Amino acid sequence: MFHYRKTRLLLAGVAFAAMSSSAFAVDGNKLFDHLSKSYEAQGGLTLKAQDVSTSGSNVTLSGVSITVPGEAKEIPLGKIELTDVEEAGDGGYTIGKATFDNVDFSDDKSSFKARDIEVSDITIPAEVSQNPTSLSDMLLYRNIHVGPITAEDKGAKVFSMDGMDMNLGVDSDNSTLTFDYTGNGVFIDMSNVKDMDPKARDKMQALDLMQVTGKFSGNGSWNATSGMLDMQSMAYDFDKVGKLDIGLSISGYTLEFVRALQEATKTAQAGGNTPESQQAAGMAMLGLMQQLSFVGATIRFDDHSITERALDVAGKDQGMSGEQMAQMVKAMVPIGMAQLQIPELQNMVSQAVNTYLDNPQNITISAKPADAVPF
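The model shown is predicted, which means the values in this text are computed figures rather than measured ones. (Residues numbered from 1 in each chain as written. Predicted model: local features only at pLDDT ≥ 70, side-chain atom pairs only at ≥ 80, totals over all residues. Heavy atoms only, no water.)

**Describing a nonpolar patch on the surface**
Spelled out, the test is: For patches, a residue must show more than 30% relative accessible area and have no salt bridge; joins then use 9 Å for like charges and 5 Å for nonpolar side chains, namely Val, Leu, Ile, Met, Phe, Trp and Tyr. Surface accessibility follows the Shrake-Rupley procedure with a 1.4 Å probe radius. Residue values consider only the protein chains on display as shielding. Salt bridges are identified by distance alone: a Lys or Arg side-chain nitrogen within 4 Å of an Asp or Glu carboxyl oxygen. Elements are defined by DSSP. Helices are runs of H or I of four residues or more, strands are runs of E of two residues or more, and each kind is numbered from the N terminus.
Together, Y236, L244, I299 and I365 make up an exposed nonpolar region whose accessible area comes to about 330 Å². With respect to the element layout, I365 can be found in strand 18 (residues 362-367).

Okay, structure coming up:
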């Protein structure tokens, strides 16, 4: 009797689990429809899939392709596995992770490969809006990883990177987005580029820049409500060159501005490459830039030996030594800065450049007006 009751309980449990799995399985087609509409609303991208299959909380998209605005050719993405998919009570979705097929694109001249592509903690809004009013109305992710990446030119590797990562965070009131990114193990080999201009090749060889390795990183924040975009750091660090770190703060970069920028870009792409359409697009972009204001900026360069080589190469072109070229630059900087008609700035920049050229280590240029300056 005891064994019979245990068996009945076990079978009941299995049946309940099966019923629960079926009852709470995600509607993959509904999810994909929501996802594709979100992509189109935010960036004008057209997302397609040849097949959508569902297994519990996992959805597989097969034969996926994406089309960029203004481009007729579809970009194949292959298969995308979506795991831990849940439909929120408001009609939106959360996706634990999206795992992409390896990218392997090639033509007669070049090839591009990317491996281990993953996007984690994705949020799809309930209401797809062409005019979002907060970050909660937007398709967002928390983490993205890509790598390794390689690019070849006529069979020879010209670029590779071990990996790239980006992380996003949103505050509790859905107004501020924080972000950071890193790219490691970057390798650039220009010696294998077959069609490089001979003069450019000679210059790069003289500067010892045919092969360089390095990394890049950055972090910042964006308040979608106020429109304050604060790029605290955009750093590019390469051996034999140096580390360039740029910080930039601008205001006016609101959700309305982003939408207007997307519309202007779509209009420009639809107009083709005629001189008239390009001129119209330029005027439209210029008008948009007037909505932005410059808050501040900092540029720092740490030399990894490029300065001395650059002076030597530039001096040789002028028939002089690197030391003589440095003296010429010192003399030219005040003349160029005088056009701004800001004597204090002219003196500050001239002194900093002179100090740097005498002993190239690092130089920093900062600008922070008392009040924001319209672009």
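**Let's talk about the environment of D51**
Stated formally: Any two residues whose heavy atoms approach within 4.5 Å are treated as being in contact.
Here D51 lies in strand 2 (residues 51-55). Between the alpha carbons of D51 and S293 there is a distance of 46 Å; along the sequence they are 242 residues apart. For D51, the residues in contact, after removing those within four places along its chain, are T60, L61 and S62.

**Some details on the packing of aromatic side chains**
This is how the line gets drawn: Two aromatic rings, drawn from Phe, Tyr or Trp (for Trp, its six-membered ring), form a pair once their centres lie within 6.5 Å of each other, and the interplanar angle then sorts them: stacked below 30 degrees, edge-to-face above 60, tilted otherwise. The classification of residues rests on relative accessible area computed with a 1.4 Å probe and restricted to protein chains. Under 20% of the type maximum is buried, over 50% is exposed, and intermediate values are partly exposed.
For the structure on display, the rule yields 3 aromatic pairs. Between the aromatic rings of W222 and Y253, the centroid separation amounts to 5.9 Å while the plane-to-plane angle is 75°, which identifies the pairing as edge-to-face. Linking W222 in strand 14 (residues 211-223) with Y253 in the loop between strand 16 (242-251) and helix 4 (255-270), this pair joins segments that are 31 residues apart in sequence. Overall, Y253 belongs to the partly exposed group, its relative accessible area being 23%. Here Y253 and F257 contribute two aromatic rings whose centre-to-centre distance is 5.3 Å and whose plane-to-plane angle is 50°, an arrangement assigned as tilted. A relative accessible area of 3% places F257 in the buried class. In this structure an aromatic cluster arises from ring pairing among W222, Y253 and F257.

**What to know about helix 4**
The following threshold applies: Between the first and last residue of a helix there are one fewer steps than residues, each counted as 1.5 Å, and that sum is the expected span.
Given a rise of 1.5 Å per residue, 16 residues ought to cover 22 Å, and the 23 Å separating the end C-alpha atoms of helix 4 matches this to within 8%. The set of residues buried in helix 4 consists of L255, F257, V258, R259 and A264. Those residues of helix 4 hidden inside the fold are in contact with helix 2 (28-43), strand 14 and helix 5 (275-289).

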